[in-house]
There are 2 protein chains.
Amino acid sequence: MELSRDYSIDPVLLLKEYGLRITPQRISILSHMNQYKMHLTAEQIYHAIKDEFPSLSVATVYNTLKAFIDAGFVKELRVGDHASKFDLNLIPHHHLVCEKCGHIEDFHFIDLPIDKIANMHNFHVRHYHLEINGLCANCQEGHPSYIHQNQIS
Amino acid sequence: MELSRDYSIDPVLLLKEYGLRITPQRISILSHMNQYKMHLTAEQIYHAIKDEFPSLSVATVYNTLKAFIDAGFVKELRVGDHASKFDLNLIPHHHLVCEKCGHIEDFHFIDLPIDKIANMHNFHVRHYHLEINGLCANCQEGHPSYIHQNQIS
DNA sequence: GTCTCTGCAAATCGTTTGCACGTTT
DNA sequence: AAACGTGCAAACGATTTGCAGAGAC
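Because the structure is predicted, anything quoted here is derived from the model rather than measured.

A. Quick peek at the overall build of chain A. If you tally the helices and strands in chain A, you get 7 helices and 6 strands. Helices and strands in chain A line up, N terminus first, as α-α-β-α-α-β-β-β-β-α-β-α-α. Buried positions account for 45% of the 153 residues belonging to chain A.

Rendered as structure tokens:
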């Protein structure tokens, strides 16, 4: 039903490929983003690896994520009133966002007439992103929303 | 090439229709959002109408916009690192966002396989939004970006 | 050796909130 | 009269920044 994101990423090679300096913190951030294959806030990433780097600062996580975004392989998702979520975006994909529990689900493989639209507007396309908002399967069924509330999404 | 948004809106009727209280500030905010048919920040709306209401507060603009979003006829766009832009969204449409100058252009009329995706994921759709990022016609041509920089978009 | 990254603390800035007062219903 | 909106100032919270020291190249 959906392509699982079972491709492996070598953080060192990725950083090298994009001409970014290779530091333990960056490797760890990339590893975690890849491992969870999910949409993490800066805060979540910080907590996930702070054991590994006792002196780690949230600012470093933000700065690092910004470097990744500038490089182009991380995407910032700003949905709801909450903190941004960051998404390793090596394979383009789109999102289903639950308005009740905040859960974000990926989907791939969709044909969009992007070129046609771009041509009509003389627009040079770099990225595109389709976001569908509504209720996820769980929340439709009247399940209490707190089940999803604190999960990593 | 694009449907012009030349429909007229009666703020009073719109507020009435959605069961919201009719106040001069709300009427003015709606009038301006409709008049510019563009994507304004709360700050821009504030400055646009503060002459009319010398005692107006930015907080009121935010509160009002939030009420409109809850009602469902205004959409909040969070693109780039900047403040949210607010978009009168009576006719569903999508956006071309220029990464250089920040200009946002609308487009309508696109067939998306939303139902198919929703069915595959057992997702109940409320809204959807396609965002295309890249370079607008002006910025591709190497025009200095400051031409667009401060325009209302 | 140079340049960049990291970590800390403080600053920034968009947005929200509490409360007293005014307006709409 | 009751309910809600407005305006003010203060609070909030996510993100950014300046700077000194450490690490990558």
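On we go from here.
B. Geometry of the protein's contact with DNA strand C. Taken together, 19 residues lie around DNA strand C, and T23(A), Q25(A), R26(A), S55(A) and Y62(B) are the ones closest in. When atoms of DNA strand C within 4 Å of the protein are split into backbone and base, the sugar-phosphate part holds 80%. Here T23(A) contributes a side-chain N or O atom positioned 2.8 Å from a phosphate oxygen of DNA strand C. In the environment of DNA strand C, a base oxygen lies 3.1 Å from a nitrogen or oxygen atom belonging to the side chain of R21(B).

C. Main features of the nonpolar core. Core analysis: the largest hydrophobic core is formed by 28 residues, its most contacted members being L130(A), I132(A), L130(B) and I132(B). For this core, the secondary-structure elements that each account for two or more residues are β4 (94–98), α5 (114–121) and β6 (124–135) of chain A together with β4 (94–98), α5 (114–121) and β6 (124–135) of chain B. Ignoring sequence-local partners within four residues, the contact set of L130(A) consists of H94(A), H95(A), F107(A), I110(A), L112(A), L112(B), I114(B), H129(B) and L130(B).

D. Just the pattern of salt bridges, in detail. Scanning the entire structure with this criterion turns up 2 salt bridges over all chains. For E99(A), the salt bridge is made with R126(B), and the minimal N-O distance between the two is 2.7 Å. Linking E99(A) in the loop between β4 and β5 (104–107) with R126(B) in strand β6, this pair reaches from one chain into another.

E. Inspection of the protein's contact with DNA strand D at higher detail. Surrounding DNA strand D, one finds 19 residues, the nearest of these being Y62(A), S84(A), T23(B), R26(B) and S55(B). Here DNA strand D approaches the protein such that, of its atoms within 4 Å, sugar and phosphate make up 77%. A distance of 2.8 Å separates a phosphate oxygen of DNA strand D from a polar atom in the side chain of T23(B). R26(B) places a side-chain nitrogen or oxygen 3.0 Å from a phosphate oxygen of DNA strand D. Put simply, the parts of the chain that give the surface near DNA strand D at least two residues each are α4 (58–71) of chain A together with α2 (24–36) and α4 (58–71) of chain B. At 4 residues, the largest contribution of residues to the surface near DNA strand D is made by α4(A).

F. The arrangement of unusual backbone geometry in detail. Residue and element names in this part refer to chain A. Non-glycine residue N122 carries a positive phi angle of around 50 degrees. Here N122 is to be found in the loop between α5 and β6. Accessibility expressed as a relative area gives 41% for N122, which makes it partly exposed.

G. Representation of the environment of K100(A). Residues and elements named next belong to chain A. Tracing the sequence through the fold places K100 in the loop between β4 and β5. Note on K100: relative accessible area 39%, which makes it partly exposed. Along the backbone, K100 and C136 are 36 residues apart, and their C-alpha atoms lie at a distance of 8.1 Å.

Thresholds, definitions, all that
- Residues numbered from 1 in each chain as written.
- Chains lettered and ligands numbered in written order.
- Predicted model: local features only at pLDDT ≥ 70, side-chain atom pairs only at ≥ 80, totals over all residues.
- Heavy atoms only, no water.
- Helix = DSSP H or I, 4+ residues; strand = E, 2+ residues; numbered from the N terminus.
- Buried < 20%, exposed > 50% of the residue type's maximum accessible area, 1.4 Å probe, protein only.
- Near = heavy atom within 4 Å.
- Polar contact = N/O pair within 3.5 Å; in protein donor to acceptor, adjacent residues only side chain to side chain.
- Core = buried A, V, L, I, M, F, W, Y, C linked by side-chain atoms within 4.5 Å.
- Contact = heavy atoms within 4.5 Å.
- Salt bridge = Lys/Arg side-chain N within 4 Å of Asp/Glu carboxyl O.

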